[in-house]
Amino acid sequence: MKVLVVGPGGREHAMIMSLLRDPHVSEVHAAPGNAGIAQDVPVHPLNAQDPEAVVALARDLAADLVVVGPEAPLVAGAADALTEAGIPVFGPSREAARIEGSKAFAKEVMAAAGVPTARAVATSDLARVREAFEEFGAPYVVKDDGLAAGKGVVVTEDRDRAEAHARECLDAGGSVLVEEFLDGPEVSLFVLSDGTHVVPLQPAQDFKRVRDGDQGPNTGGMGAYTPLDWLPEGFTQEVVDRVARPVVDELRRRGTPFTGVLYCGLAVTSRGTRVIEFNARFGDPETQSVLAVLQTPLGQLLLDAARGRLDEDRALEWAPGASVTIVLAAHNYPGAPRKGDVITGLEDAAHEADTWVVHAGTDRNEAGELVSAGGRVLAVVSRGADLRQARERGYRGMEHITLDGSHYRTDIALAASEGRIETPVTPAASSPGAGHAPAVDGRPAADAAEEQA
Ligand code: AMP
Ligand code: GLY
């Protein structure tokens, strides 16, 4: 089978590496790709926002399957156009992708499907925002829901700051979502769906804040690991039964079946597992770690999903041990990143056992040198017998890499490797008078933060 992977980042590079290991896959192409992807497979220029251009390229290549990595081409209608052209595509239609694109739509679907999530008020009225602050109390969670995306999410103890963010979104003509704060560690669970059936991958954890100790602004993700040994028994099945299947059923019932990966962003709270958000695509950088341990051939799995033939009874195979992903970010990320700095040491990094480099924002300059070309530049991915060994290998690998002004977190998977992640005590299980849940590691502190892709 010939596969075309659409997208420019680390998630796509990780998928390509997995596809190349699938014996059913004879050829992989990428568009537009990046400098690392170009070392592995042929790359093609593409404006992925133009659905007709995606179809034209897939036709030219006679692709048997198109895998769309990022959200933007899906929202632009890439999957709809490919489906119309009769080309199997892994990725949801524009309508189904609204589960990610509109937070209010996601809440509406969750309400209809009875999926547990944070209580929320969607409004474009500042007085109602203030009422919601009173109702839910601190920390305050304010999310932009307008099409003026990118302003993102603010989680803060500071009421003035929360109100200022709400006002900013409303002044831009949009609406906001004010939410109840969810305590407890976050988990990313990717669930494959062919529109009817659902097959979960292994849970992973992402590190959203830019600095160690979950400090600083939110980013697209500074690292990840899998598995999560600290999760309660039966966690994945519970999320499938109470979250993924009801949402997939509800979207099918609405005539907009969801084909692709439903990324369930969850919080393990004192009141049970709650949905924070959905995405309509694989997470980046969690995918780098999850695919590092997935042994089931990826191409066949994604093609089955694209063709409506996912087999829920066939268990996926996972390598034993753990995988850790450490992201190297450019100078000034998550602000406007500096580009064009030379990167060295990648071969040496990959000489560590079970360690490799996944490219994200990389390019070649005129001299042919590898240079930074985005905020998250690359990731070192490693596997080990356990998290401790995977971390050691990954961080040793990272030490070989030089990129002027770059930074990475030194505490990816640290708390988990030391058994320090606690899930909050459920009220029923806690002793009478136990005031509130214990402090939790691996959970962003509640202070002002803005989303940054
Ligand atoms: P979102 O774009 O909805 O995923 O939000 C981005 C990040 O903000 C999440 O990954 C969480 O770290 C945090 N966040 C969002 N909603 C909540 C909530 N209701 N309670 C606590 N933290 C939240
Ligand atoms: N790692 C978070 C995301 O992909 O949205």
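So, a few notes on the structure that sits alongside this text. (Residues numbered from 1 in each chain as written. Chains lettered and ligands numbered in written order. Predicted model: local features only at pLDDT ≥ 70, side-chain atom pairs only at ≥ 80, totals over all residues. Heavy atoms only, no water.)

1. What to know about the overall build of the protein
Counting its regular elements, the protein contains 15 helices and 23 strands. In terms of overall dimensions, the protein has C-alpha extents of about 60 × 50 × 45 Å along its principal axes. Counting only residues that meet the buried cut, the protein has 58% of its 453 residues in that class. In the protein, of all internal contacts separated by at least 6 residues, the share reaching a separation of at least 24 is 71%. Here the protein displays about 17,800 Å² of accessible surface, and carbon together with sulfur accounts for 47% of that area. (Helix = DSSP H or I, 4+ residues; strand = E, 2+ residues; numbered from the N terminus. Buried < 20%, exposed > 50% of the residue type's maximum accessible area, 1.4 Å probe, protein only. Contact = heavy atoms within 4.5 Å. Areas by Shrake-Rupley, 256 points an atom, 1.4 Å probe, with all protein chains shown as cover.)

2. A short note on the sheet that holds strand S22 (residues 376-384)
Working definition: the strands of a sheet are paired by backbone hydrogen bonds and lie parallel or antiparallel to each other. With respect to topology, five strands assemble into an open sheet ordered S11-S14-S17-S22-S19, the strand pairing being antiparallel. Here the strands that pair on one side only, and so sit at the sheet edges, are strand S11 (205-206) and strand S19 (355-359). In this fold helix H14 (residues 387-399) packs onto strand S14 (223-226), strand S17 (322-329), S19 and S22, with an angle of close to 30° to the strand it touches most, S17. (Pairing = 2+ DSSP bridges. Axes fitted to C-alpha atoms, helices over the stretch in contact; angles between N-to-C directions.)

3. Description of the site of ligand 1
Taken together, 17 residues are adjacent to ligand 1, and Lys-143, Glu-179, Leu-182, Glu-186 and Glu-277 come closest. Separating an oxygen atom of ligand 1 from a side-chain N or O atom of Lys-103 is a distance of 3.1 Å. In this structure, Lys-143 approaches ligand 1 through a side-chain N or O atom, which is 2.7 Å from an oxygen atom. Out of a free accessible area of 470 Å², ligand 1 has 97% covered by protein chains. Those elements that provide at least two residues to the shell around ligand 1 are strand S6 (140-144), strand S7 (153-156) and strand S16 (272-279). Classifying every residue of the shell around ligand 1 by side-chain character gives seven nonpolar, one polar and nine charged. (Near = heavy atom within 4 Å. Polar contact = N/O pair within 3.5 Å; in protein donor to acceptor, adjacent residues only side chain to side chain. Nonpolar A, V, L, I, M, F, W, Y, C, P; charged D, E, K, R; others polar.)

4. As for the site of ligand 2
In the vicinity of ligand 2, the contacting residues are Asp-206, Gly-220, Tyr-263, Asn-279, Arg-281, Gly-283, Asp-284, Pro-285 and Glu-286. Between Arg-281 and ligand 2, the recorded distance is 2.9 Å, taken from a side-chain N or O atom to an oxygen atom. Bound to the protein, ligand 2 loses 90% of the 200 Å² it would expose on its own. Tallied by class, residues from the shell around ligand 2 come to two nonpolar, three polar and four charged.

5. Some words on H14
The terminal C-alpha atoms of H14 lie 18 Å apart, and with 13 residues this matches the ideal 18 Å at 1.5 Å per residue to within 8%. Along H14, the residues that are buried comprise Leu-387, Ala-390, Arg-391, Arg-393, Gly-394, Tyr-395, Gly-397 and Met-398. Residues of H14 that are buried in the fold lie against S14, S17, helix H13 (346-349), S19, S22 and helix H15 (414-417). (Expected span 1.5 Å × (residues − 1).)

6. Some words on the pattern of salt bridges
If you walk through the whole model with that rule in mind, you get 29 salt bridges. Measuring nitrogen to oxygen at the nearest pair gives 2.9 Å for the salt bridge that ties Arg-254 to Glu-108. Highlighted residues: Arg-254 in the loop between helix H10 (235-253) and strand S15 (259-269) and Glu-108 in helix H7 (residues 103-113), separated in sequence by 146 residues. For Arg-254, a relative accessible area of 31% corresponds to the partly exposed category. Between Glu-312 and Arg-245 there is a salt bridge whose closest N-O contact spans 3.1 Å. With Glu-312 in the loop between helix H12 (298-306) and S17 and Arg-245 in helix H10, this pair connects stretches of sequence that are 67 residues apart. Residue Glu-312 is classed as partly exposed on the basis of its relative accessible area of 32%. Through salt bridges with shared partners, one network takes in Glu-108, Glu-250, Arg-253 and Arg-254. (Salt bridge = Lys/Arg side-chain N within 4 Å of Asp/Glu carboxyl O.)

7. Quick word on the side chain of Glu-179
Inspection of the secondary structure assignment puts Glu-179 in strand S8 (residues 176-179). A polar side-chain atom of Glu-179 sits 3.4 Å from a polar atom in the side chain of Lys-143. Ignoring sequence-local partners within four residues, the contact set of Glu-179 consists of Lys-107, Ala-118, Arg-119, Ala-120, Phe-136, Val-141 and Lys-143.

Geometry only, nothing functional implied.
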